Amino acid sequence: MKARKNALDQAGGGVRSAPIGVLGLGVFLFINPCFSAKCAGHELPRADSWLIKGALVYDGNGTAGRKVDVRLREGKISKISAHLQPVKDEQVRAAEGLILVPGFIDPHSHHADSLGKIPAPASVLAQGITTVVAGVDGKANMPVSELFEQLEQSPVAVNVAAFGAHNFYRRVVMADDFRREASTVELGRMRRMLIADMDAGALGLSTGLEYDPGIYASTDEIIELANVASARGGRYSSHLRSEDVAHDAAVTEFLEIAERANIPAHMSHVKLAMSARWGDASGVLARLNQARSRGLNVTADVYPYNAWQAPLDVLLPERNFDSPAAYQGVLATIAHPQSIRIAEYAPEPALVGKTLQEIAQARGVEPDAALMDLMQTAIARRTLPWGIVSNISEEDIRTFMAWPYASICSDGKVDDRHPRGQGAFPRVLARYVREQGVLSLQEALRRMTSLSA
(Lines give C-alpha, C1' and ligand atoms only; values in the text may rest on other atoms or scores of the structure.)
Protein backbone atom coordinates (compact mmCIF):
# COMPACT_ATOMS: atom_id res chain seq x y z
CA MET A 1 0.00 0.00 0.00
CA LYS A 2 3.03 2.29 -0.07
CA ALA A 3 3.27 5.34 -2.27
CA ARG A 4 3.92 4.80 -5.97
CA LYS A 5 5.29 7.83 -7.81
CA ASN A 6 4.43 6.48 -11.26
CA ALA A 7 1.01 5.16 -10.34
CA LEU A 8 -0.61 5.53 -13.73
CA ASP A 9 2.32 3.88 -15.46
CA GLN A 10 1.73 0.79 -13.32
CA ALA A 11 -1.96 0.65 -14.15
CA GLY A 12 -3.96 -2.34 -13.10
CA GLY A 13 -7.34 -2.06 -11.65
CA GLY A 14 -10.57 -2.64 -9.92
CA VAL A 15 -13.83 -1.49 -11.42
CA ARG A 16 -16.76 0.25 -9.82
CA SER A 17 -20.03 1.67 -11.06
CA ALA A 18 -20.07 5.19 -9.73
CA PRO A 19 -23.34 7.05 -9.15
CA ILE A 20 -22.53 9.50 -11.94
CA GLY A 21 -22.34 6.84 -14.66
CA VAL A 22 -18.56 6.59 -14.64
CA LEU A 23 -16.71 3.34 -14.14
CA GLY A 24 -13.56 3.80 -12.08
CA LEU A 25 -10.48 1.81 -13.08
CA GLY A 26 -8.10 1.30 -10.16
CA VAL A 27 -4.82 3.11 -10.60
CA PHE A 28 -2.44 0.20 -10.18
CA LEU A 29 -3.94 -2.27 -7.76
CA PHE A 30 -7.03 -4.47 -7.99
CA ILE A 31 -8.53 -2.94 -4.91
CA ASN A 32 -12.30 -2.82 -5.25
CA PRO A 33 -13.73 -4.97 -2.43
CA CYS A 34 -16.85 -5.48 -4.55
CA PHE A 35 -14.91 -7.94 -6.68
CA SER A 36 -14.12 -10.29 -3.84
CA ALA A 37 -16.90 -9.70 -1.34
CA LYS A 38 -20.41 -8.36 -1.12
CA CYS A 39 -21.23 -5.04 -2.74
CA ALA A 40 -24.44 -3.25 -1.76
CA GLY A 41 -25.81 -6.53 -0.45
CA HIS A 42 -25.14 -8.54 -3.62
CA GLU A 43 -22.65 -11.40 -3.83
CA LEU A 44 -20.45 -10.93 -6.88
CA PRO A 45 -18.71 -13.83 -8.60
CA ARG A 46 -15.02 -14.42 -8.08
CA ALA A 47 -12.89 -14.48 -11.18
CA ASP A 48 -9.23 -14.18 -12.15
CA SER A 49 -10.20 -12.57 -15.44
CA TRP A 50 -12.73 -9.83 -16.22
CA LEU A 51 -13.66 -8.32 -19.55
CA ILE A 52 -15.20 -4.85 -19.71
CA LYS A 53 -17.01 -4.47 -23.03
CA GLY A 54 -17.92 -1.32 -24.89
CA ALA A 55 -16.89 1.41 -22.45
CA LEU A 56 -15.70 4.84 -23.57
CA VAL A 57 -12.19 4.84 -22.10
CA TYR A 58 -10.38 8.00 -21.04
CA ASP A 59 -6.76 7.38 -20.04
CA GLY A 60 -6.55 10.43 -17.76
CA ASN A 61 -3.93 12.26 -19.83
CA GLY A 62 -6.36 14.82 -21.21
CA THR A 63 -6.91 13.05 -24.54
CA ALA A 64 -10.24 12.15 -26.11
CA GLY A 65 -12.00 8.96 -25.10
CA ARG A 66 -11.85 5.72 -27.11
CA LYS A 67 -14.52 3.04 -27.26
CA VAL A 68 -12.55 -0.11 -26.51
CA ASP A 69 -12.69 -3.32 -24.48
CA VAL A 70 -10.47 -3.83 -21.44
CA ARG A 71 -9.32 -7.15 -19.97
CA LEU A 72 -8.21 -7.46 -16.35
CA ARG A 73 -6.25 -10.49 -15.22
CA GLU A 74 -5.27 -11.10 -11.60
CA GLY A 75 -6.03 -7.52 -10.78
CA LYS A 76 -4.07 -5.85 -13.57
CA ILE A 77 -4.87 -4.56 -17.03
CA SER A 78 -3.68 -7.20 -19.48
CA LYS A 79 -5.07 -5.95 -22.79
CA ILE A 80 -6.92 -3.02 -24.34
CA SER A 81 -8.39 -3.48 -27.82
CA ALA A 82 -11.37 -2.49 -29.92
CA HIS A 83 -12.89 -5.97 -30.02
CA LEU A 84 -11.98 -8.54 -27.39
CA GLN A 85 -13.81 -11.85 -27.12
CA PRO A 86 -14.48 -13.54 -23.77
CA VAL A 87 -12.28 -16.46 -22.85
CA LYS A 88 -13.15 -19.48 -20.73
CA ASP A 89 -14.29 -18.72 -17.16
CA GLU A 90 -14.02 -14.97 -17.75
CA GLN A 91 -16.57 -12.64 -16.20
CA VAL A 92 -17.94 -10.08 -18.65
CA ARG A 93 -19.18 -6.61 -17.70
CA ALA A 94 -21.25 -4.82 -20.34
CA ALA A 95 -20.31 -1.14 -20.16
CA GLU A 96 -22.13 0.41 -23.12
CA GLY A 97 -22.97 4.01 -22.32
CA LEU A 98 -20.49 4.18 -19.44
CA ILE A 99 -17.10 5.84 -19.16
CA LEU A 100 -14.07 3.93 -17.93
CA VAL A 101 -11.30 5.99 -16.32
CA PRO A 102 -8.27 5.54 -14.06
CA GLY A 103 -9.16 5.54 -10.38
CA PHE A 104 -9.26 9.06 -8.98
CA ILE A 105 -6.39 10.28 -6.80
CA ASP A 106 -7.26 12.55 -3.88
CA PRO A 107 -4.05 14.55 -3.27
CA HIS A 108 -5.35 16.26 -0.14
CA SER A 109 -7.46 13.91 1.94
CA HIS A 110 -8.18 13.12 5.58
CA HIS A 111 -10.01 9.88 4.81
CA ALA A 112 -7.04 7.79 5.94
CA ASP A 113 -7.71 8.84 9.54
CA SER A 114 -10.68 6.46 9.60
CA LEU A 115 -9.38 3.54 7.53
CA GLY A 116 -8.50 1.55 10.64
CA LYS A 117 -12.19 1.41 11.58
CA ILE A 118 -13.72 1.67 8.11
CA PRO A 119 -11.34 -0.06 5.65
CA ALA A 120 -13.71 0.27 2.68
CA PRO A 121 -15.40 3.66 3.13
CA ALA A 122 -18.33 4.21 0.80
CA SER A 123 -17.68 7.96 0.93
CA VAL A 124 -14.39 7.31 -0.90
CA LEU A 125 -15.21 4.39 -3.19
CA ALA A 126 -18.54 5.79 -4.40
CA GLN A 127 -16.69 8.86 -5.67
CA GLY A 128 -14.33 6.70 -7.74
CA ILE A 129 -11.36 7.54 -5.50
CA THR A 130 -8.84 4.72 -5.37
CA THR A 131 -5.84 6.56 -3.89
CA VAL A 132 -5.74 9.00 -0.97
CA VAL A 133 -2.80 11.07 0.23
CA ALA A 134 -2.37 11.28 4.00
CA GLY A 135 -0.17 13.44 6.21
CA VAL A 136 -1.39 16.67 4.62
CA ASP A 137 -1.81 20.00 6.45
CA GLY A 138 1.24 18.91 8.43
CA LYS A 139 -1.01 16.52 10.39
CA ALA A 140 -0.26 12.93 11.35
CA ASN A 141 -0.67 10.60 14.30
CA MET A 142 2.38 8.45 13.68
CA PRO A 143 5.53 8.14 11.55
CA VAL A 144 5.02 7.11 7.93
CA SER A 145 6.71 3.76 8.57
CA GLU A 146 4.13 2.92 11.25
CA LEU A 147 1.26 4.00 9.02
CA PHE A 148 2.43 1.78 6.18
CA GLU A 149 3.07 -1.12 8.56
CA GLN A 150 -0.50 -0.87 9.83
CA LEU A 151 -1.82 -0.87 6.29
CA GLU A 152 0.28 -3.90 5.40
CA GLN A 153 -1.05 -5.78 8.42
CA SER A 154 -4.66 -4.66 7.93
CA PRO A 155 -5.19 -3.96 4.21
CA VAL A 156 -7.78 -1.41 3.16
CA ALA A 157 -9.77 -0.84 -0.02
CA VAL A 158 -7.81 2.19 -1.25
CA ASN A 159 -4.18 2.94 -1.97
CA VAL A 160 -2.50 5.25 0.52
CA ALA A 161 0.43 7.60 0.02
CA ALA A 162 1.69 9.96 2.72
CA PHE A 163 3.73 13.07 3.42
CA GLY A 164 6.00 13.62 6.37
CA ALA A 165 3.99 15.95 8.62
CA HIS A 166 5.64 19.04 10.08
CA ASN A 167 3.06 19.67 12.82
CA PHE A 168 3.47 16.07 13.97
CA TYR A 169 7.22 16.57 14.25
CA ARG A 170 6.74 19.76 16.28
CA ARG A 171 4.27 18.06 18.63
CA VAL A 172 6.66 15.20 19.31
CA VAL A 173 9.78 17.33 19.69
CA MET A 174 8.42 20.43 21.44
CA ALA A 175 5.38 19.01 23.29
CA ASP A 176 3.36 21.87 24.85
CA ASP A 177 6.25 24.33 24.58
CA PHE A 178 5.62 25.06 20.90
CA ARG A 179 4.70 28.75 20.89
CA ARG A 180 8.16 29.78 19.73
CA GLU A 181 10.78 29.02 17.12
CA ALA A 182 12.51 25.66 17.38
CA SER A 183 16.04 25.46 18.74
CA THR A 184 18.92 24.02 16.72
CA VAL A 185 18.70 20.78 18.69
CA GLU A 186 14.94 20.54 18.21
CA LEU A 187 15.23 21.21 14.50
CA GLY A 188 17.84 18.49 14.29
CA ARG A 189 15.39 16.01 15.79
CA MET A 190 12.72 17.08 13.30
CA ARG A 191 15.20 16.59 10.46
CA ARG A 192 15.89 13.04 11.61
CA MET A 193 12.16 12.29 11.81
CA LEU A 194 11.65 13.56 8.26
CA ILE A 195 14.62 11.55 6.99
CA ALA A 196 13.09 8.42 8.53
CA ASP A 197 9.73 9.20 6.92
CA MET A 198 11.35 9.77 3.53
CA ASP A 199 13.25 6.50 3.85
CA ALA A 200 9.92 4.80 4.60
CA GLY A 201 8.40 6.12 1.38
CA ALA A 202 6.99 9.56 2.21
CA LEU A 203 6.26 11.82 -0.75
CA GLY A 204 7.96 14.77 0.92
CA LEU A 205 7.19 17.40 3.55
CA SER A 206 3.77 18.86 4.34
CA THR A 207 2.97 21.87 6.49
CA GLY A 208 -0.15 23.40 8.02
CA LEU A 209 1.20 26.84 8.85
CA GLU A 210 -2.20 28.26 9.81
CA TYR A 211 -2.56 25.71 12.62
CA ASP A 212 -0.90 25.13 15.97
CA PRO A 213 1.93 24.30 16.38
CA GLY A 214 3.17 25.04 12.85
CA ILE A 215 2.03 28.65 12.95
CA TYR A 216 4.93 29.42 15.32
CA ALA A 217 7.59 28.00 12.99
CA SER A 218 9.89 30.38 11.16
CA THR A 219 10.29 30.31 7.40
CA ASP A 220 13.89 29.19 7.89
CA GLU A 221 12.68 26.18 9.90
CA ILE A 222 10.48 25.09 7.00
CA ILE A 223 13.26 25.66 4.46
CA GLU A 224 15.67 23.55 6.52
CA LEU A 225 13.20 20.66 6.46
CA ALA A 226 12.24 21.23 2.83
CA ASN A 227 15.93 20.88 1.95
CA VAL A 228 15.85 17.41 3.50
CA ALA A 229 12.88 16.42 1.35
CA SER A 230 14.38 18.02 -1.75
CA ALA A 231 17.65 16.13 -1.37
CA ARG A 232 15.68 12.88 -1.42
CA GLY A 233 13.56 13.73 -4.46
CA GLY A 234 10.53 14.77 -2.44
CA ARG A 235 7.94 17.50 -2.74
CA TYR A 236 6.63 20.26 -0.51
CA SER A 237 2.88 20.48 0.16
CA SER A 238 1.56 23.40 2.19
CA HIS A 239 -1.58 24.71 3.78
CA LEU A 240 -0.49 28.33 3.66
CA ARG A 241 0.18 30.43 6.74
CA SER A 242 -2.87 32.51 5.86
CA GLU A 243 -5.80 32.03 3.51
CA ASP A 244 -7.34 35.39 4.35
CA VAL A 245 -5.85 38.66 5.73
CA ALA A 246 -2.20 37.75 5.13
CA HIS A 247 -2.69 35.69 1.98
CA ASP A 248 -0.24 37.70 -0.13
CA ALA A 249 2.54 37.30 2.44
CA ALA A 250 1.73 33.61 2.75
CA VAL A 251 2.11 33.12 -1.01
CA THR A 252 5.42 34.98 -0.87
CA GLU A 253 6.63 32.62 1.84
CA PHE A 254 5.42 29.57 -0.13
CA LEU A 255 7.37 30.66 -3.20
CA GLU A 256 10.45 31.52 -1.13
CA ILE A 257 10.48 28.00 0.32
CA ALA A 258 10.14 26.48 -3.14
CA GLU A 259 13.00 28.56 -4.50
CA ARG A 260 15.44 28.33 -1.61
CA ALA A 261 14.92 24.60 -1.12
CA ASN A 262 14.79 23.93 -4.88
CA ILE A 263 11.75 21.73 -4.40
CA PRO A 264 8.48 21.19 -6.28
CA ALA A 265 5.87 23.00 -4.20
CA HIS A 266 2.15 22.27 -4.02
CA MET A 267 -0.39 24.72 -2.58
CA SER A 268 -3.12 22.86 -0.69
CA HIS A 269 -6.82 23.63 -1.35
CA VAL A 270 -6.06 26.99 -2.95
CA LYS A 271 -8.64 29.59 -1.96
CA LEU A 272 -9.27 33.15 -0.81
CA ALA A 273 -11.24 32.58 2.39
CA MET A 274 -12.14 36.18 2.99
CA SER A 275 -15.12 38.09 1.68
CA ALA A 276 -13.03 41.26 1.27
CA ARG A 277 -10.71 39.41 -1.18
CA TRP A 278 -13.35 37.88 -3.46
CA GLY A 279 -12.45 38.19 -7.11
CA ASP A 280 -8.69 38.26 -6.57
CA ALA A 281 -8.04 34.65 -7.68
CA SER A 282 -6.60 35.76 -11.01
CA GLY A 283 -4.03 37.85 -9.17
CA VAL A 284 -2.93 34.84 -7.13
CA LEU A 285 -2.59 32.74 -10.27
CA ALA A 286 -0.60 35.49 -11.96
CA ARG A 287 1.99 35.18 -9.19
CA LEU A 288 2.08 31.40 -9.52
CA ASN A 289 2.41 31.60 -13.30
CA GLN A 290 5.23 34.10 -12.92
CA ALA A 291 6.98 31.69 -10.55
CA ARG A 292 6.56 28.86 -13.05
CA SER A 293 7.96 31.07 -15.82
CA ARG A 294 11.19 31.45 -13.86
CA GLY A 295 11.51 27.72 -13.35
CA LEU A 296 9.69 26.95 -10.10
CA ASN A 297 7.55 23.81 -10.20
CA VAL A 298 4.50 25.11 -8.34
CA THR A 299 1.08 23.46 -8.46
CA ALA A 300 -2.11 23.44 -6.40
CA ASP A 301 -5.27 21.52 -5.66
CA VAL A 302 -8.82 22.81 -5.24
CA TYR A 303 -12.13 21.47 -3.98
CA PRO A 304 -15.55 22.44 -5.40
CA TYR A 305 -17.22 24.01 -2.35
CA ASN A 306 -17.52 27.58 -1.08
CA ALA A 307 -16.98 26.53 2.54
CA TRP A 308 -14.04 25.25 4.56
CA GLN A 309 -14.01 23.34 7.85
CA ALA A 310 -11.39 23.82 10.57
CA PRO A 311 -10.87 24.90 14.17
CA LEU A 312 -12.08 28.49 14.44
CA ASP A 313 -8.83 29.71 15.98
CA VAL A 314 -7.56 30.07 12.40
CA LEU A 315 -9.74 33.18 12.19
CA LEU A 316 -7.40 34.77 14.74
CA PRO A 317 -3.84 34.36 13.41
CA GLU A 318 -2.45 36.42 16.31
CA ARG A 319 -4.25 34.04 18.70
CA ASN A 320 -5.50 37.14 20.52
CA PHE A 321 -8.50 35.36 22.00
CA ASP A 322 -9.19 38.07 24.60
CA SER A 323 -9.41 40.99 22.16
CA PRO A 324 -12.96 42.17 21.32
CA ALA A 325 -11.52 44.20 18.43
CA ALA A 326 -10.04 41.04 16.90
CA TYR A 327 -13.44 39.31 16.76
CA GLN A 328 -15.04 42.45 15.36
CA GLY A 329 -12.42 42.53 12.61
CA VAL A 330 -13.01 38.88 11.75
CA LEU A 331 -16.75 39.37 11.28
CA ALA A 332 -16.30 42.62 9.35
CA THR A 333 -13.83 41.39 6.73
CA ILE A 334 -13.30 37.61 6.82
CA ALA A 335 -16.58 35.83 7.52
CA HIS A 336 -20.03 37.20 8.29
CA PRO A 337 -21.97 35.72 11.25
CA GLN A 338 -24.47 33.89 9.06
CA SER A 339 -21.61 32.21 7.16
CA ILE A 340 -20.11 30.55 10.27
CA ARG A 341 -21.82 27.27 11.20
CA ILE A 342 -20.70 25.25 14.22
CA ALA A 343 -19.45 21.77 13.28
CA GLU A 344 -18.08 20.62 16.65
CA TYR A 345 -18.44 22.17 20.08
CA ALA A 346 -17.64 19.98 23.07
CA PRO A 347 -18.85 22.40 25.79
CA GLU A 348 -22.37 22.55 24.30
CA PRO A 349 -23.02 19.94 21.57
CA ALA A 350 -26.54 21.31 20.99
CA LEU A 351 -24.96 24.24 19.15
CA VAL A 352 -23.71 22.00 16.34
CA GLY A 353 -25.45 22.96 13.12
CA LYS A 354 -26.33 26.47 14.24
CA THR A 355 -24.85 29.59 12.70
CA LEU A 356 -23.08 32.23 14.75
CA GLN A 357 -25.90 34.62 13.84
CA GLU A 358 -28.48 32.21 15.29
CA ILE A 359 -26.46 31.66 18.45
CA ALA A 360 -26.01 35.39 19.00
CA GLN A 361 -29.71 36.06 18.50
CA ALA A 362 -30.69 33.28 20.93
CA ARG A 363 -28.32 34.71 23.55
CA GLY A 364 -29.31 38.31 22.96
CA VAL A 365 -25.75 39.47 22.29
CA GLU A 366 -23.76 40.76 19.33
CA PRO A 367 -22.14 38.10 17.10
CA ASP A 368 -18.60 39.17 18.00
CA ALA A 369 -19.36 38.74 21.70
CA ALA A 370 -20.91 35.32 21.01
CA LEU A 371 -17.86 34.21 19.04
CA MET A 372 -15.49 35.37 21.78
CA ASP A 373 -17.49 33.51 24.40
CA LEU A 374 -17.56 30.32 22.33
CA MET A 375 -13.80 30.49 21.81
CA GLN A 376 -12.88 31.30 25.41
CA THR A 377 -15.21 28.66 26.87
CA ALA A 378 -13.76 25.98 24.60
CA ILE A 379 -10.15 26.97 25.28
CA ALA A 380 -10.78 26.86 29.02
CA ARG A 381 -11.73 23.20 28.51
CA ARG A 382 -8.62 22.54 26.39
CA THR A 383 -10.54 22.21 23.15
CA LEU A 384 -11.55 24.40 20.21
CA PRO A 385 -14.81 25.09 18.37
CA TRP A 386 -14.86 23.78 14.82
CA GLY A 387 -16.79 25.57 12.12
CA ILE A 388 -17.94 25.17 8.55
CA VAL A 389 -17.40 28.64 7.15
CA SER A 390 -18.90 29.69 3.81
CA ASN A 391 -16.67 32.58 2.80
CA ILE A 392 -15.24 31.52 -0.58
CA SER A 393 -16.65 32.97 -3.78
CA GLU A 394 -17.93 30.81 -6.61
CA GLU A 395 -16.10 33.02 -9.11
CA ASP A 396 -12.79 32.31 -7.38
CA ILE A 397 -13.50 28.57 -7.30
CA ARG A 398 -14.04 28.59 -11.06
CA THR A 399 -10.92 30.67 -11.66
CA PHE A 400 -8.69 28.42 -9.55
CA MET A 401 -10.22 25.26 -11.01
CA ALA A 402 -9.55 26.43 -14.57
CA TRP A 403 -5.80 26.79 -13.87
CA PRO A 404 -4.08 23.95 -15.78
CA TYR A 405 -1.89 23.05 -12.77
CA ALA A 406 -4.74 22.67 -10.25
CA SER A 407 -5.72 19.11 -9.44
CA ILE A 408 -8.98 18.14 -7.75
CA CYS A 409 -9.03 17.25 -4.05
CA SER A 410 -11.64 16.67 -1.36
CA ASP A 411 -9.89 17.81 1.85
CA GLY A 412 -12.54 15.54 3.33
CA LYS A 413 -13.03 12.92 5.98
CA VAL A 414 -15.07 9.74 6.11
CA ASP A 415 -18.68 10.57 7.10
CA ASP A 416 -17.77 14.17 7.86
CA ARG A 417 -20.31 16.95 8.39
CA HIS A 418 -18.82 18.89 5.48
CA PRO A 419 -20.05 17.37 2.19
CA ARG A 420 -16.63 17.53 0.54
CA GLY A 421 -15.60 14.18 2.02
CA GLN A 422 -18.49 12.45 0.28
CA GLY A 423 -19.09 14.42 -2.90
CA ALA A 424 -16.11 16.45 -4.15
CA PHE A 425 -15.24 14.46 -7.26
CA PRO A 426 -18.81 13.84 -8.51
CA ARG A 427 -19.61 17.52 -7.83
CA VAL A 428 -16.80 18.63 -10.13
CA LEU A 429 -18.13 16.41 -12.91
CA ALA A 430 -21.74 17.48 -12.39
CA ARG A 431 -21.43 21.18 -11.58
CA TYR A 432 -18.19 22.36 -13.17
CA VAL A 433 -18.12 20.05 -16.20
CA ARG A 434 -21.69 19.25 -17.17
CA GLU A 435 -23.52 22.33 -15.89
CA GLN A 436 -21.04 25.21 -16.06
CA GLY A 437 -18.43 24.04 -18.57
CA VAL A 438 -15.49 25.29 -16.52
CA LEU A 439 -13.60 22.15 -17.55
CA SER A 440 -14.12 19.68 -20.36
CA LEU A 441 -14.72 16.10 -19.25
CA GLN A 442 -11.33 14.90 -20.46
CA GLU A 443 -9.58 17.81 -18.73
CA ALA A 444 -11.44 17.21 -15.46
CA LEU A 445 -10.43 13.55 -15.57
CA ARG A 446 -6.80 14.61 -16.10
CA ARG A 447 -7.03 16.79 -12.97
CA MET A 448 -8.37 13.79 -11.02
CA THR A 449 -5.77 11.29 -12.21
CA SER A 450 -2.54 11.93 -14.12
CA LEU A 451 -1.92 15.47 -12.84
CA SER A 452 -1.89 14.26 -9.23
CA ALA A 453 0.01 11.10 -10.13
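Okay, so let's go over this structure. Not measured: the values here are computed from a predicted model.

As for the sheet that holds strand β11 (residues 129–134)
As a general point, the strands of a sheet are linked pairwise by backbone hydrogen bonds and lie either parallel or antiparallel.
Next, step 1: An order of β10-β11-β12 is seen for the 3 strands of this open sheet, with the pairing classed as parallel. Bordering the open sheet on either side are β10 (104–106) and β12 (159–162), each of which pairs with just one other strand. Each strand of the sheet is rotated relative to its neighbour by a mean of 20°, with strand direction disregarded.

Digging into the sheet that holds strand β15 (residues 235–239)
Next, step 1: One open sheet holds the 6 strands; their spatial order is β13-β14-β15-β16-β17-β21, and the pairing between them is parallel. A single partner strand is all that each edge strand has here, and the edge strands are β13 (164–165) and β21 (406–408).
Next, step 2: Bridge analysis of strand β14 (residues 204–208) against β15 gives 5 bridges, and the strand direction is parallel. Among the inter-strand pairings, G204 is bridged to a residue of β15, identified as R235.
Next, step 3: In the packing of helix α5 (residues 219–231) onto the sheet, the strands contacted are β14 and β15, and the crossing angle to β14 comes to about 155°.

Describing the pattern of salt bridges
Next, step 1: For the structure on display, the rule yields 23 salt bridges.
Next, step 2: R260 is the salt-bridge partner of E256, the closest N and O atoms lying 2.7 Å from each other. Of this pair, E256 and R260 are both found in helix α6 (residues 247–261), 4 residues apart, which corresponds to roughly one turn of the helix.
Next, step 3: E256 gets classed as partly exposed once you look at its relative accessible area, which sits at 29%.

Rules of the game
What you see as residue numbers is a count from 1 along each chain, following the sequence as written. In keeping with the predicted nature of the model, local features appear solely for residues at pLDDT of at least 70, side-chain atom pairs appear and are counted solely at 80 or more, and the whole-chain, interface and lining totals rest on all residues. Each side-chain value is worked out from all heavy atoms of the structure, with water and hydrogens disregarded. Strands are labelled as partners when DSSP assigns at least two bridges between them. Think of it this way: any DSSP run of H or I at least four residues long counts as a helix, any run of E at least two long counts as a strand, and we number them from the N terminus. Under this scheme, a helix contributes an axis fitted over its contacting stretch, all axes are lines through C-alpha atoms, and angles between N-to-C directions fall in the 0 to 180 degree range. Throughout, a residue-residue contact means that at least one pair of heavy atoms, one from each residue, lies within 4.5 Å. In what follows, salt bridge is the name for a side-chain nitrogen of Lys or Arg lying within 4 Å of a carboxyl oxygen of Asp or Glu. For every residue, the accessible area (1.4 Å probe, protein chains only) is compared with the maximum for its type, and the residue is labelled buried under 20%, exposed over 50%, or partly exposed between those bounds.

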